[in-house]
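Observations on chain architecture
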Amino acid sequence: MIDIFSTPALVTIILGSVALLIPILDALNKERGSKNKVYSAIAFGALALALAVVISRIFTGENLPALSLTNNGVIADDIFGAFFSIAFLIVSIMVTVSSWSYMKKKSNHAAYYSLILLSSIGMILIGYSTDFVMLLVAWELMSIPTYALAAFSKRDPVSNEAAIKYFLFGALSSAIIILGMGIVYGLTGTTNIYDSVVGMTTLNPDLMPFALLAVALFIAGFGFKMGLVPFHMWLPDTYSGAPTTIATLLAAGTKKAGFAAAIRVIVIGLIALNVHWTITLAIIAIFTMTLGNLGALTQKSIPRILAYSSIAQAGYILIGLAVAPYTNYGLDASLLQILNHAVMKSAAFVAAAAVIITIGAYTIEKYRGLGYRMPITALVLAVALLSLAGVPPLNGFWGKYLIFGSAIDAGDQAWWAPYLAIAGVLNSALSLGYYIWIIRKMYMEEGENRIRQKEPRPIVAVLLFALGFMVLFGIWYGPLLDLASMAVPNDLTHLIAAR
Amino acid sequence: MVGAIGFEGLGVNAWLIWMLPFIGAAFIPILRNKNEKLKSYVAVGFSLLSAFLALSILPVGLSNGEIHSQIPWFSALNLDAGVLADPLAIIMSNLVAWISAAIFVYSISYMHKEKSLIRYWFFMLFFIGSMQLIVLSDNLLMVFFGWEGVGLASYALIGFWYQDRKKDYVGKEGHTVWGIPMWTSPTHAGIKAFLQNRAGDIMMLSGMFLIFMYSGTFGFRELLTDQTWAHAMMQQNLLVPAAVLIFGGAIGKSAQFPLNEWLLEAMTGPTSVSALIHAATMVKAGVFLVARIGPLFFALSVFNMQQFFEIVAWVGAITAMLLATQALVNPEIKKVLAYSTGSQIGYMMMALGIAGLTTNFIDGYTAGFFHLISHALFKASLFMAAGAILHTVHSRFMTDMGGLRKNMKRTYIFMLLASLSLAGAPLITSGFWSKDAIFASILDSNYEFSSYLFFIAVTVAVMTAFYTFRMVGLVFFGKPSQNIVNMENKGHRIREVNQLMWLPFAVLAVASVVIGLVGFAFEGQLHHVFATYLSSTFGITENGVIPLSEVQDTTGTVEGEGQHEATSGGSEMNPVAVAASVTAFGVGGFLGYLFYIRRSVDPAKINENVVSKGLWRFLYNRWYLNSILYWMGVVIPLGFYRRVNKYFEHLLMYGINPSVQHSMVFMSKVAKMAQSGDVQIYLYVFSAGIIVITMLLLS
């Protein structure tokens, strides 16, 4: 039975009721199509309230488990879920507020905001799920609204192509996830993650190949959302074709939901399986980083560069997952970087959105002289790119630093782990090639004109928030790391022993 | 110890003292479209606010309390950020805050009608914020952040007039030594200061991290409580080198030999900046650092830290001598003051060094810090007064002044007061007492070479009195120079500067005399404060070091001892020291008076014989040190680098580099090849991926 006052339930109720309320308001509204601001404000209010609920729950809720492994119910109120909820809600808020400007000249606002809210519910519930069925439902709740959102510019063929590709792969990956869950159910007779973990430990060795197949299917299914190589191919097309605010939601939000599910199911759930799934993740991580960075290196469109860069970032985060069983803070580091990346990538995409709606520029050539034409946007974009590259003292540095550090630390028990750190550092160097290139274009080169553009206020607010986040938590990252380490169990090896 | 105060109450003030100037600096650019007055008043407001906060914690310091509050910072390295306001830091912080507040008030008028006021105020606030960070932080790492902030701000302010107009240069045009020009533009001077400081900073950084490698902490208190790191370093013979490396930072920042050259060129900045650099924020940082780590190393005296203190004392002595001699012959008023600063800082270093070479650490320590206080007061005052004169006569050469005492009566009086303090006029000036204390501590030490140090100290005191009187005489006495006559002919009236300008330096000059009048008692009080502080925190007493554990056990008795000592230490007076300082003042002052005030002997006459002419040239060319440094540090390395560039780097740039670039682009193209946009291919890769992963897992 779900406690109605537990965080996930409260958040679902808040966001769900508002998501349903907005279309009703729209239907009652006589003069259609001019309520963008109102809906944006309502959605913002709901998301902010939900964020407040989640954060206050962390501060007031005593004895919240880090990451609950329980067979009591399908949803657990734990800090792991709360951590991801904070990331998702921050992203959703940034998307909603910047949509205030971005969606001004478009139509169907009620549906737009309602879908964002519904997708947010899905993401949040993934973070809290303790049951495969619940996870699947949440997964679909997150995905289906985004299919529609990706196609939101319905007269724009690029947007449609983006959505179709996204939908095709989304459907495929859902099917694969269900297949994986089916196998696990067949092997253990339960859909609860904890029970299935217990069942796996006593598995008949003859059935092991099936369990491994399930792992492969989970990696593929969740890897689609995370943008792991080789399941990443839809991603550049979709991120650059979808409306930029939606690309923000996809890159910063749903991608992280993939990680939440992967940690719940693969890292925690299958840690009992004494197989080398970690080295598989490591290989994928190296390919993902490298291909992402190489792909980004010669792109010409900024959203596309950002899309590739988010593939590379998924690779870095995956390092933490791969070494999680061998070190104490691999998962902490990954979680920290997930939250950091959510904000950095949102900031970069929102800045790109600002450029698109003010000067209509997509390509890097058009970014020349942006430092003068749109000073705040250019500044925050530059800081976000540096942070993505991992330049100290910005927040992105600490995430990477801890991830690579954990990989080196894990070297005692896994010979391959230090190579991950080396690959990561080399890739960071490579990634500077395109990050600095953009900054150089913005500041060092003369633009086609020197007209100072009016930067949309809501977007400026979002950007300044992100700037503050990146700089503040770059200098003083302690609280975030503390929260991240509260969210994952201290010692995963200990966890296995307990079973 | 009265007990440490944490985050509550006054603890927040200690944080705000250094944060407020930074907040102010961040706030100033917002006023870019506002009028000049508002900008200046806001900046002054921030500095005053910080000063009052410093004042609010002064009682804590005087009662030997301590504010130590920490917050977690880099939890991965187990580092905390924190402020540590103990008596040393609190007194220093007040000194910095109030002197810079006075200089800020002065700046309102001095920088009137200056175009880039935003930049000026931003860096001024940044400057004092960084300095307060150095003073108040509880670990070397944060000190280093402040250290770098000070370096950056000084660079920006020394080169403030980056247009490099001829009138902002220092040095005589056309004066070259060994092919090195001795006249410098503001931008050049800024870079020079920055680079020389950098040399010191690198030493400091390596020293810091050496200690960190062994101790795992940067915290001053943590280093004190657990001394196992010192054992470990001693075994590797690394303890003294690490300490000396940290002292290298102080050498750079305090412009000690051999990194002293930047200080003279730093005169290209606005005079208010010079005042700030010399009195409050920059060169004092080095002395403060030594005062910060000195007791720590002295408390480790079981490990034989003698060499460290010896180096400190001798570096100070050499610098004091070197720069005092050069001040004798320089024609520029600001440069004379700059030389004198370096020389006086040398005194402080000497005192702090000699403190570590005796069993009675407290005397030398107090003497050094007392001199720091009195020097800060009179030097800030002198610089601001010099700025007022520059402002009026539009020239930096003393030969372009002369006879100003009638037209600028107030400036004359207060500059004379401050000058007397610098020269060490007996009994009524703070400079006399602090110098006397240094002499006494050198005499009392049982260091084997202390007589040489004493000799140097007295000689420098003679020279100090001489060049001070020379400066006063050239500026205020004699006939008005050609420059002033010309100006008056053109209709410029030479007159007193306005209130906002003379009040700040008047206040400081008077303060230095007031401290001088009660100098004896003041010294006793300071001695008492430091005696209790050093004994309760470091276990340093009159008779050497006692283990810290005993200090904590018997806090009450130790404090009683301290009080006892304060009375005894204050009433002792070394007749030799007093006689020496009075004589030094008498001799130097009399000669200066004869040559430059009464003008009964023409100094040019002395210069006619070969020996004194050679000596004059040697001093005027700065002992050739500047030229040597340029040849060694700039000209020869650049020549070498050109070769490297030609034969090696060129190859890298145009041979190897492009191939890296092209191979990356090629790989990128390959990576993109699959990204054709065809969903069929995407699906194919996806499925292949599942199969590969399954095989990986099964293998």
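All values derive from a computational prediction rather than experimental measurement.

Scoring rules and cut-offs
- Going along each chain's sequence as written, the residues are numbered from 1 onward.
- All chains are assigned letters beginning with A, and all ligands numbers beginning with 1, in the order in which they are written.
- Owing to the predicted nature of the model, reporting of local features is limited to residues with pLDDT of at least 70; listing and counting of side-chain atom pairs is limited to 80 or more, with chain, interface and lining totals taken over all residues.
- Here the side-chain values reflect all heavy atoms present in the structure, with hydrogen atoms and water set aside.
- Here a strand is any run of E in DSSP of at least two residues, a helix any run of H or I of at least four, and the numbering for each starts at the N terminus.
- Atoms counted for the radius of gyration: C-alpha only. Globule rule: 2.2 Å times the number of residues to the power 0.38.
- Remark: exposure states derive from per-residue accessible area (1.4 Å probe, protein chains only) relative to the maximum for the residue type, with buried under 20%, exposed over 50%, and partly exposed in between.
- Should any heavy atoms of two residues lie within 4.5 Å, those residues are considered in contact.
- Using a 1.4 Å probe, accessible areas were evaluated by the Shrake-Rupley method; residue-level cover was limited to the displayed protein chains.
- A quick way to say it: buried area is the sum, across both parts, of accessible area lost when two parts are put together, with a 1.4 Å probe.
- Any Lys or Arg side-chain nitrogen found within 4 Å of a carboxyl oxygen on Asp or Glu counts as a salt bridge.
- What qualifies as a polar contact is a pair of N or O atoms within 3.5 Å, subject to a donor-acceptor requirement within protein and to the restriction that residues adjacent in sequence count only when both atoms come from side chains.
- In the scheme used here, Gly and all other residues not listed as nonpolar or charged are polar, with Ala, Val, Leu, Ile, Met, Phe, Trp, Tyr, Cys and Pro taken as nonpolar and Asp, Glu, Lys and Arg as charged.
- Patch building starts from residues that exceed 30% relative accessible area and form no salt bridge, then joins like charges within 9 Å and nonpolar side chains (Val, Leu, Ile, Met, Phe, Trp, Tyr) within 5 Å.
- In this tally, Asp and Glu contribute negative charge and Lys and Arg positive charge; neither His nor the terminal groups of the chain are included.
- Note that the charge is assigned to NZ on lysines, CZ on arginines, CG on aspartates and CD on glutamates.
- Scored from 0 to 100, pLDDT reflects the predictor's confidence in each residue.

**Some remarks on the overall build of chain A**
Secondary structure summary: chain A contains 20 helices and zero strands in total. In terms of overall dimensions, chain A is globule-like: its C-alpha atoms have a radius of gyration of 21 Å, near the 23 Å expected for 499 residues. Each principal axis of the C-alpha distribution contributes one length, and for chain A these read about 70 × 55 × 45 Å. Within the span of chain A, comprising 499 residues, buried residues form 65% of the whole. Pairs at least 24 residues apart make up 80% of the contacts formed inside chain A by residues separated by at least 6 positions. Summed over its atoms, the accessible surface of chain A is roughly 17,000 Å², and 67% of this surface lies on carbon and sulfur atoms.

**Concerning the overall build of chain B**
On a plain count of helices and strands, chain B comes out with 29 helices and seven strands. Relative to the compact-globule value of 27 Å for 699 residues, chain B shows a C-alpha radius of gyration of 28 Å, a close match. C-alpha atoms of chain B, sized along the principal axes, occupy 105 × 70 × 55 Å. When burial is assessed residue by residue, chain B has 60% of its 699 residues classed as buried. Partitioning the intrachain contacts of chain B with sequence separation of at least 6 by distance along the chain shows that 80% fall at a separation of at least 24. Entry remark: accessible area of chain B is about 27,100 Å², with carbon and sulfur atoms responsible for 66%.

**A few points about the interface of chain A and chain B**
On the chain B side, the residues contacting the 45 residues of chain A number 28 residues. Here chain A meets chain B over a buried area of about 3,100 Å², counting both sides, of which 77% is carbon and sulfur. It is A:F169, A:M233 and A:T298 that lose the most area in chain A upon contact with chain B, and together they represent 19% of the buried surface on that side. Connecting chain A to chain B are zero salt bridges. The interface formed by chain A and chain B includes six residue pairs in polar contact (both at pLDDT 80 or more). Mapped by element, the contributors of at least two residues to the side of chain A that touches chain B are α6 (157-188), α8 (208-226), α9 (234-241), α11 (277-297), α12 (302-322), α16 (395-409) and α19 (478-487) of chain A. The leading source of residues in the side of chain A that touches chain B is α8(A), at nine residues. Looking at the side of chain A that touches chain B, its residues break down into 33 nonpolar, eight polar and four charged.

**A closer look at a positive patch on the surface**
Side chains of A:K37, A:K104, A:K105, A:K106, A:K454 and A:R457 sit close together on the surface and give a patch of like positive charge. Along the polypeptide, A:K454 turns up in the loop between α17 (417-444) and α18 (457-475).

**Re the environment of B:G216**
Tracing the sequence through the fold places B:G216 in the loop between α7 (186-215) and α8 (220-225). A C-alpha to C-alpha distance of 8.6 Å links B:G216 and B:W229, two positions 13 residues apart in sequence.

**Concerning the pattern of salt bridges**
Inspection of every chain in the model, using the stated rule, returns 21 salt bridges over all chains. A salt bridge links A:D77 to A:R57, with the shortest nitrogen-to-oxygen separation between them at 3.0 Å. A residue pair is termed long-range when its members are at least 10 positions apart, and A:D77 in the loop between α2 (36-60) and α3 (79-102) and A:R57 in helix α2 qualify at 20 residues. Across the pair B:R198 and B:D201 runs a salt bridge whose closest N-O atoms are separated by 2.9 Å. With B:R198 and B:D201 both in helix α7 and three residues apart, the pair spans about one turn of that helix. For B:D201, a relative accessible area of 2% gives the class buried.

**Describing the confidence of the model for chain A**
Should pLDDT be low for a region, the predicted coordinates there are not to be read in detail. In the predicted model, chain A carries a mean pLDDT of 88, and the fraction of residues at 70 or more is 95%. Helix α20 (residues 492-498) of chain A is the least confidently modelled element of chain A, averaging 51 in pLDDT, while helix α15 (residues 375-389) of chain A averages 94, the highest of any element.

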